Structures are given as C-alpha cells and as structure tokens.
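For reference, the chains in residue letters:
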Amino acid sequence: MDYPNRGTLWTNDYKKTDVQPDLKGDIKLELDLVRDMLENADTDHIVIKLSAWLGKDKDGKRKVSLQHDGYKPAAPAASNVKDPWDD
C-alpha cells in the first residue's frame, strides 16, 4: 500500500439528484490500525478521526485528501487538587 491510512474524496460526476452524494471516495486503513481500534474500543462504536486537505489533481479536478489522524493527547498528569465533582 503506497499511502496507508489515507484516502481521497472526488466530485461525484454521476450525481443526478440532490439525494445523491456530492463526493465519493475511500480511505485505506492498515489492518494493524483497525485491530488496534477494535481492541481499544470502549463503546459500541469506533470514532475514526480524520484530517483533510482541499486540492486539485494533475488534471485540475478538485479533491479532498484524507488521512487518519493518529494524534493521541498525553494522559493528564496526576494532581493533588481535589476534583470539585467528587463528594
């Protein structure tokens, strides 16, 4: 896979009615990433965070490039401050 965890949305050239999508495309996810998401899921669904860039291909056709956003915030530091929600 040349560009893992990335994809592209293109203008739907076959759109004939308002109920059809404006854009179509795909994102290719590595199996290890999918397994990790499944193993770490804590609900009945998985949220896939994406980053996107607007651009044009070599023929000038507009596109949206997508990438899995693997940013994970650092765990909060331990604190001696009492949480106001604790009784």
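In this text, all values refer to a predicted model and were calculated from it rather than measured experimentally.

Describe the overall build of the protein, with residues and values.
Within the protein one finds one helix and four strands. Mapped in sequence order, the helices and strands of the protein form the string β-β-α-β-β. Look at the contacts in the protein between residues 6 or more apart in sequence, and 38% of them connect residues 24 or more apart. Approximately 8000 Å² of the protein is accessible, and the part contributed by carbon and sulfur atoms is 52%.

Report on the pairing of strand S3 (residues 50–56), specifying residues and quantitative values.
With seven bridges joining them, S3 and strand S4 (residues 62–68) adopt antiparallel strand pairing. Bridge pairing in S4 links Leu-54 to Val-64. Counted along the chain from S3 to the antiparallel partner S4, the turn is five residues long, and its residue Gly-60 has a positive phi close to 85 degrees.

Residues and numbers for the pairing of S4, please.
Strand direction decides the pairing type here: strand S1 (residues 6–11) and S4, joined by five bridges, are antiparallel. Following the sheet pairing, Thr-8 is matched in S4 by Ser-65.

Requested: an account of the pattern of salt bridges, with residues and values cited.
One pass over the full model with this rule turns up three salt bridges. Its salt-bridge partner being Asp-13, residue Lys-61 comes within 3.0 Å of it at the nearest N-O pair. In this pair, Lys-61 sits in the loop between S3 and S4 while Asp-13 sits in the loop between S1 and strand S2 (23–28), placing the two residues 48 residues apart along the sequence. A relative accessible area of 53% places Asp-13 in the exposed class.

An account of a nonpolar patch on the surface is needed here, citing residue identities and associated values.
On the surface, Leu-38, Ile-46, Ile-48 and Leu-50 cluster together to form a nonpolar patch covering roughly 350 Å² of accessible area. Within the element layout of this structure, Leu-50 appears in strand S3.

Would you mind going over the sheet that holds S3 in detail, with residue names and values included?
Spatially, four strands are ordered S2-S1-S4-S3 in an open sheet, and the strand pairing comes out antiparallel. Single-partner strands in this sheet number two, and they are S2 and S3. Across the sheet, the axes of successive neighbouring strands diverge by a mean angle of 20 degrees, strand direction being ignored.

Give a detailed account of the side chain of His-68, specifying residues and quantitative values.
Mapping His-68 onto the fold places it in strand S4. Residue His-68 is classed as buried on the basis of its relative accessible area, which comes to 17%. Apart from the residues within four sequence positions on either side, His-68 is in contact with Asn-5, Ile-27, Leu-29, Leu-33, Ile-48, Lys-49 and Leu-50.

Scoring rules and cut-offs
- Residues numbered from 1 in each chain as written.
- Predicted model: local features only at pLDDT ≥ 70, side-chain atom pairs only at ≥ 80, totals over all residues.
- Heavy atoms only, no water.
- Helix = DSSP H or I, 4+ residues; strand = E, 2+ residues; numbered from the N terminus.
- Contact = heavy atoms within 4.5 Å.
- Areas by Shrake-Rupley, 256 points an atom, 1.4 Å probe, with all protein chains shown as cover.
- Pairing = 2+ DSSP bridges.
- Salt bridge = Lys/Arg side-chain N within 4 Å of Asp/Glu carboxyl O.
- Buried < 20%, exposed > 50% of the residue type's maximum accessible area, 1.4 Å probe, protein only.
- Patch = residues over 30% accessible without salt bridge, like charges linked within 9 Å, V, L, I, M, F, W, Y side chains within 5 Å.
- Axes fitted to C-alpha atoms, helices over the stretch in contact; angles between N-to-C directions.

Purely spatial values, then, with no claim about function.
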